[in-house]
Amino acid sequence: MIEHVHTHITGELHQNTKTDIIFILTSITLNLITLAINSGMAEKSRTDSATLAVMFVFILLIIIVNAVAIFGLIKGKQTRIKLINGLISMYKDKNVDKYYDESLLSNYSIRYNLFITVVVCTGIIACTVPFILR
């Protein structure tokens with residue numbers, strides 16, 4: 001039975017990783033595409049209020065998608081920590097915990113914080129640069 005639990009936990013970790021990748025790639029891709037679109041519309045938005053309104057709609061989209069991605073990454077981080085703590089407990093019960101370095105938990109935490117920082121920074125750039133060009 002312990003093998004089934006181990007397989008289930010590692011499967012959940014793989015799914016967690018895939019979900020995190022989707023959040024990161026979606027938000028960064030959206031940020032860069034919106035940066036390009038809004039930058040292209042920046043000059044026309046000086047005289048056309050409809051173009052300016054479209055730029056603000058894209059900004060709203062960036063904010064919503066990035067907030068969802070950040071929330072998802074925070075939940076992914078929490079889930080990963082819980083799953084790995086479960087594995088560590090299992091390893092301790094079987095006296096094989098010496099093969100898993102618990103400092104990896106802090107490395108995962110740092111990595112998630114870096115992912116969130118990248119999402120936030122590209123979002124800020126996508127929101128501000130077109131208005132600077134305007």
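You'll find the structure just up there.
Keep in mind that this is a model prediction, so the values were computed, not measured. Sequence order sets the numbering: in each chain, residues are counted from 1 along the sequence as written. Only residues with pLDDT of at least 70 are given local features in this predicted model, and only at 80 or more are side-chain atom pairs given and counted; all residues enter the totals for whole chains, interfaces and linings. Heavy atoms from the whole structure form the basis of all side-chain values; hydrogens and water molecules are not counted.

**Overview of the packing of helix 2 (residues 49-93) against helix 3 (residues 104-133)**
Here's step 1: Contact geometry for helix 2 and helix 3: axes closest at 10 Å, N-to-C directions at 180 degrees. Judged by the angle between their axes, helix 2 and helix 3 are roughly antiparallel.
Here's step 2: Of the residues assigned to the contact of helix 2 with helix 3, the class counts are 22 nonpolar, six polar and three charged. The angle between two axes is taken between their N-to-C directions and runs from 0 to 180 degrees, where each axis is a line fitted to C-alpha atoms and a helix contributes only its stretch in contact. Strands are runs of DSSP state E lasting at least two residues, helices are runs of H or I lasting at least four, and both sets are numbered from the N terminus onward. The cut-offs work like this: below 35 degrees is roughly parallel, past 145 is roughly antiparallel, 65 to 115 is roughly perpendicular, and the gaps in between are oblique. For this classification, the nonpolar set comprises Ala, Val, Leu, Ile, Met, Phe, Trp, Tyr, Cys and Pro, the charged set comprises Asp, Glu, Lys and Arg, and every other residue, Gly included, is treated as polar.

**Re the nonpolar core**
Here's step 1: Ile9, Leu13, Leu83, Ile84, Leu87, Ile88, Met90, Tyr91, Tyr100 and Leu105 form the largest nonpolar core, which has 10 residues in total.
Here's step 2: Counting residues per element, the ones that place at least two in this core are helix 1 (2-41) and helix 2.
Here's step 3: The element contributing the most residues to this core is helix 2, with six residues. We call a set of buried Ala, Val, Leu, Ile, Met, Phe, Trp, Tyr and Cys residues a nonpolar core when their side-chain atoms join them within 4.5 Å. Exposure classes here rest on a 1.4 Å probe applied to the protein chains alone. A residue is buried below 20% of its type maximum, exposed above 50%, and partly exposed in between.

**Comments concerning unusual backbone geometry**
Here's step 1: The phi dihedral of Asn95 is positive, around 60 degrees, even though this residue is not glycine.
Here's step 2: Within the secondary structure, Asn95 sits in the loop between helix 2 and helix 3.
Here's step 3: According to the relative accessible area criterion, Asn95 is exposed, its value standing at 62%.

**Side note on the packing of aromatic side chains**
Here's step 1: Between the rings of Phe, Tyr and Trp (Trp by its six-membered ring), a pair exists once the centres lie within 6.5 Å; its type follows the angle of the planes, with under 30 degrees stacked, over 60 edge-to-face, and the other angles tilted. In total, this model carries three aromatic pairs according to the counting rule given.
Here's step 2: A ring pair is formed by Tyr91 and Tyr100, whose centres lie 6.2 Å apart and whose planes are at 50 degrees; its orientation type is tilted.
Here's step 3: Ring centres of Tyr112 and Phe115 lie 6.4 Å apart, and the angle between their planes is 75 degrees; this geometry places the pair in the edge-to-face category. Pair noted here: Tyr112 and Phe115 are both in helix 3, with a separation of three residues, about one helical turn.
Here's step 4: Two conditions define a charge located above a ring, namely a distance within 6 Å from the ring centre to NZ of Lys or CZ of Arg, and an angle within 35 degrees of the ring normal. One cation-aromatic arrangement involves Arg80 over Tyr108; the distance from NZ or CZ to the ring centre is 5.0 Å.

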